[in-house]
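One-letter residues, chain by chain:
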Amino acid sequence: DAGITQSPRHKVTETGTPVTLRCHQTENHRYMYWYRQDPGHGLRLIHYSYGVKDTDKGEVSDGYSVSRSKTEDFLLTLESATSSQTSVYFCAISEPRFTQYFGPGTRLTVL
Amino acid sequence: TQLLEQSPQFLSIQEGENLTVYCNSSSVFSSLQWYRQEPGEGPVLLVTVVTGGEVKKLKRLTFQFGDARKDSSLHITAAQPGDTGLYLCAGAPVKTSYDKVIFGPGTSLSVIP
């Protein structure tokens, strides 16, 4: 158990509203990731972080921003949610290198 | 774009049968992982393979990393209903300069009692 929690676990929102998803880890891991999972696409990397205030874009970063002000928390924000952002979002940590441990996921529906 | 392909995409078999799932790429990977994901949960790591030609066994599951480190296979012997789930392969391409992996689209396995 890598001690990863995600909140909320489920959220329904309307197009155009801002949404923030939270990932919390308890074991001081340096690398944290946000993925989205959609049928037929597998897991796609949105953003990742390699330390406090150190973040970088993944392959599907448009429309998303992240922040990491503390080692244990990695926030994913949808500034103005769209229906194409309806998905299941997973947070992960990497330890040891390249081996990823995932949180339970957040199911987001944008109406 | 570096891609991992998996086949088959879907597999439905009877309990007790054997099966093999494949993961292929044109890229060379420094390591490759296999995960299993059950509905409503996050993927869970099964194994990591690092050396070309490496074979690892986990009870009824056998994992192999290709000699050229571009492909991998997962073989399940005498499948059980508890093996049902989505099997994902993931890898870190050799030239990756930071801790980032790519995932295949997954193989959805259903084992019928």
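Before reading on, note that the structure itself is shown above.
Per chain, residues are indexed from 1 in the order of the written sequence. Here the convention is simple: chains get letters from A, ligands get numbers from 1, in the order in which they are written. Reporting in this predicted model follows two pLDDT cut-offs: at least 70 for local features of residues, and 80 or more for side-chain atom pairs to be given and counted; totals over whole chains, interfaces and linings ignore these cut-offs and use all residues. Hydrogen atoms and water are omitted, and side-chain values are computed over all heavy atoms in the structure.

**Q** What should I look at first to understand the environment of B:Gly82 in this one?
**A** Starting at the N terminus, helices and strands are each numbered in turn, a helix being any DSSP run of H or I of at least four residues and a strand any DSSP run of E of at least two. Examined against the element boundaries, B:Gly82 turns out to sit in the loop between strand 8 (71-76) and strand 9 (85-93). Separated by 20 residues in sequence, B:Gly82 and B:Ile102 have C-alpha atoms that sit 26 Å apart.

**Q** Quick question: what am I supposed to make of the packing of aromatic side chains here?
**A** Pairs of aromatic rings are described using the distance from one ring centre to the other and the angle between the two planes. Only centres within 6.5 Å qualify two rings of Phe, Tyr or Trp (six-membered ring in Trp) as a pair; their planes then separate them into stacked at under 30 degrees, edge-to-face at over 60, and tilted for everything else. Counting across every chain of the model gives ten aromatic pairs over all chains. With 5.8 Å between their ring centres and 85° between their planes, A:Phe102 and B:Tyr35 make a pair best called edge-to-face. Taken as a pair, A:Phe102 in strand 10 (residues 100-102) and B:Tyr35 in strand 4 (residues 29-37) lie in two separate chains rather than in one. Each member of the pair, A:Phe102 together with B:Tyr35, is buried. Measuring from centroid to centroid gives 5.9 Å for A:Phe102 and B:Phe103, while their planes differ by 70°, and the two rings are edge-to-face. A residue pair is termed interchain when its members come from two chains, as with A:Phe102 in strand 10 and B:Phe103 in strand 10 (residues 102-103). By relative accessible area, B:Phe103 is classed as buried at 9%. Each residue in the set A:Tyr33, A:Tyr35, A:Tyr48, A:Tyr50, A:Phe90, A:Phe102, B:Tyr35 and B:Phe103 is aromatic and connected to the rest through ring pairs, giving one cluster. Each residue gets one of three labels from its accessible area relative to the maximum for its type: buried under 20%, exposed over 50%, partly exposed in between, using a 1.4 Å probe on protein chains only.

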